[in-house]
Amino acid sequence: MACWRIVSAAVVFGLALYAFLPAPGPITENIEEYVTSTKGIPPFGLGTWLSNKDKVCSLPYGQRAHKNEDQTGRGIAAADVPREDIWVTSKLWNAHHRPNEATAAIQKSISDLGVGYLDLYLIHWPVAFVPGEGTKLDKETTIVDTWRALENLVRANLTRHIGISNFAKRDVETILDICTICPYAHEFETHPYLQQQDFVDFHREIGVKVIAYSPLGNTNPTYDSDIQPLLEDPFWKGLAKKKNATVAQAVLAWGLQRGTVVIPKTVHEERIKENRGALDIKFTDEELKEITRQDKKVRMNDPGKSWGVKLFSDLDDPTNLGEGSQEL
């Protein structure tokens, strides 16, 4: 299937949802002022993880790039939209946590994406691998070492903001204790089946934005879940019908109303447009209470077991490795 092209910037950025962003400009002496004075991330994004490389050549919402960054870059170029009018996020993989590796990794991402700089660069996991040795754990490189490296990427104007992904609460606190340039955002799994409301509230209190990946729960075909798919859940089907909306629209609307940035993954133009209907849906306080009661506290994405690392140690549904596990 050939990739579809957005030909009108008005179609993509015509709503406040898409947030026009200023160019980064030259480095200022006060780097913290530089970081915090720019406009923010749009509340809707498009995740490209596991998307077919031939189907990501589009430019709806903000873009979050993964291993298909070269194809995402083609989509950005085809859209013919000024760089300052889009938001692009990418992530630092586990094997690139060492400072020299981090610099090389972001430079490659920027080159593949063809964007000149990133808007947000995230530490993908609080786990370091030894470069070139698969998933062998790098026990010498800490998340503090990696965060210091990311701060230098901001100073080098390679990214406007930096953040974290999949961190436990104590990992977040470790970074907050030492940061000079502090996290702009934390991307982690949260949806109606794994609401983590206390964790979301914690980020609001410390001024770190929450980006919700897998906002539609276990709709991702890679997730091996024994529970009913969220989009087939009778509660959500009933609530969506009440709102004259699709289940996906209703679930995304909940994510937006609780103040998170949502990044559903899709390569279908009609689904992308349909998802925007979430902007028109609001829930009453009583409906929100009912949604809270649907929380199953079930995590869909946890590679910790395959890495031999206990992730999410102080959150709902942490990695279960049994006795003798390593905890990060």
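Residue positions are given per chain, counted from 1 along the sequence in the order it is written. Local features are withheld for residues below a pLDDT of 70 in this predicted model, meaning they are given only at 70 or higher, and side-chain atom pairs are given and counted only at 80 or more; totals for whole chains, interfaces and linings count all residues. To get the side-chain values, take all heavy atoms of the structure and skip hydrogens and water.

Draft legend 1. Layout of the packing of helix α8 (residues 234-242) against helix α11 (residues 285-292). One can describe the packing of α8 onto α11 by two numbers: an axis separation of 11 Å at closest approach and a directional angle of 160 degrees. Considering their axes alone, α8 and α11 lie roughly antiparallel with respect to each other. In terms of crossing hand, the pair formed by α8 and α11 is left-handed. Of α11, the residues touching α8 (which contributes F235, W236, L239 and K242) are E287, E290 and I291. By the convention adopted, Pro, Cys, Tyr, Trp, Phe, Met, Ile, Leu, Val and Ala count as nonpolar, Lys, Arg, Asp and Glu as charged, and the other residues, Gly among them, as polar. For the contact of α8 with α11, a count of residues per class yields 4 nonpolar, no polar and 3 charged. Helix axes use the C-alpha atoms of the stretch in contact, all axes being lines fitted to C-alpha atoms, and the angles between their N-to-C directions lie in the range 0 to 180 degrees. Each helix is a run of H or I in the DSSP string that is no shorter than four residues. Each strand is a run of E no shorter than two, and both are numbered from the N terminus. Relative orientations are named as follows: roughly parallel for angles under 35 degrees, roughly antiparallel for angles over 145 degrees, roughly perpendicular for angles from 65 to 115 degrees, and oblique for any other angle. Take the far helix as the reference: if the near one is turned anticlockwise from it by less than a right angle, the crossing is left-handed, and if turned clockwise, right-handed. Contacts were defined at the residue level, with two residues in contact if any of their heavy atoms lie within 4.5 Å.

Draft legend 2. Quick look at the pairing of strand β5 (residues 159-165). Note on classification: 1.4 Å probe, protein chains only; a residue is buried when its accessible area is under 20% of the maximum for its type, exposed when over 50%, partly exposed between these limits. Burial analysis of β5 places 7 of its 7 residues in the buried class, the great majority of the element. We call two strands paired when DSSP finds no fewer than two bridges between them. As judged from the 5 bridges shared by strand β4 (residues 118-123) and β5, these two strands associate in the parallel manner. Bridging from a neighbouring strand, L120 pairs with H161 of β5. The handedness of the β4 to β5 crossover, carried by helix α5 (residues 143-155), is right-handed. Here β5 runs beside strand β6 (residues 185-189); their pairing, made up of 2 bridges, is parallel. Following the sheet pairing, S165 is matched in β6 by E187. With respect to chirality, the unit in which β5 leads through helix α6 (residues 169-178) into the neighbouring parallel β6 is right-handed. The handedness of a crossover follows from its direction of travel: if, with the strands pointing away from the viewer, the path from the first strand over the helix to the second runs clockwise, the crossover is right-handed.

Draft legend 3. Local environment of the UniProt feature "binding site: substrate" (unreviewed entry) in the chain. UniProt positions are given in the numbering used here, feature names are shortened, and annotations may be inferred rather than shown by experiment. Those places that UniProt annotates as "binding site: substrate" (unreviewed entry) correspond, in this numbering, to H124. If you trace the backbone, H124 turns up in the loop between β4 and α5. In this structure H124 comes out as buried when scored by relative accessible area, which is 15%.

Draft legend 4. Here's a closer look at the confidence of the model for the chain. Confidence scores here are pLDDT values: one per residue, from the predictor, ranging 0 to 100. The predicted model of the chain averages 82 in pLDDT, with 78% of residues at 70 or higher. Between residues 1-38, whose pLDDT stays under 50, and residues either more than four places distant or in other chains, the model counts 88 contacts. Note that residues 49-66 has pLDDT below 50 and, in this model, 83 contacts with residues that lie over four places away or in other chains.

Draft legend 5. View of helix α7 (residues 197-206). Three or more residues of α7 are buried, namely F199, V200, F202 and H203. Along the long axis of α7, the arc covered by the buried residues comes to 155 degrees, so they all point the same way. Of the residues in α7, the exposed ones pointing more than 90 degrees away from the buried face are D198 and E205. Of the residues flanking the end of α7, it is G207, one or two places downstream, whose phi is positive at about 80 degrees. The reported arc concerns the directions from the helix axis to the C-beta atoms and nothing else.

Draft legend 6. Spatial organisation of the side chain of N218. Tracing the backbone shows N218 in the loop between β7 (209-213) and α8. A relative accessible area of 9% means that N218 is categorised as buried. A polar side-chain atom of N218 sits 3.3 Å from the main-chain carbonyl oxygen of Q228. Pairs of N or O atoms within 3.5 Å make up the polar contacts considered here, provided that, within protein, one atom can donate a hydrogen while the other can accept it, and that residues adjacent in sequence are counted only when both atoms are side-chain atoms. A polar contact is formed between the side chain of N218 and the backbone nitrogen of L230, at a distance of 2.9 Å.

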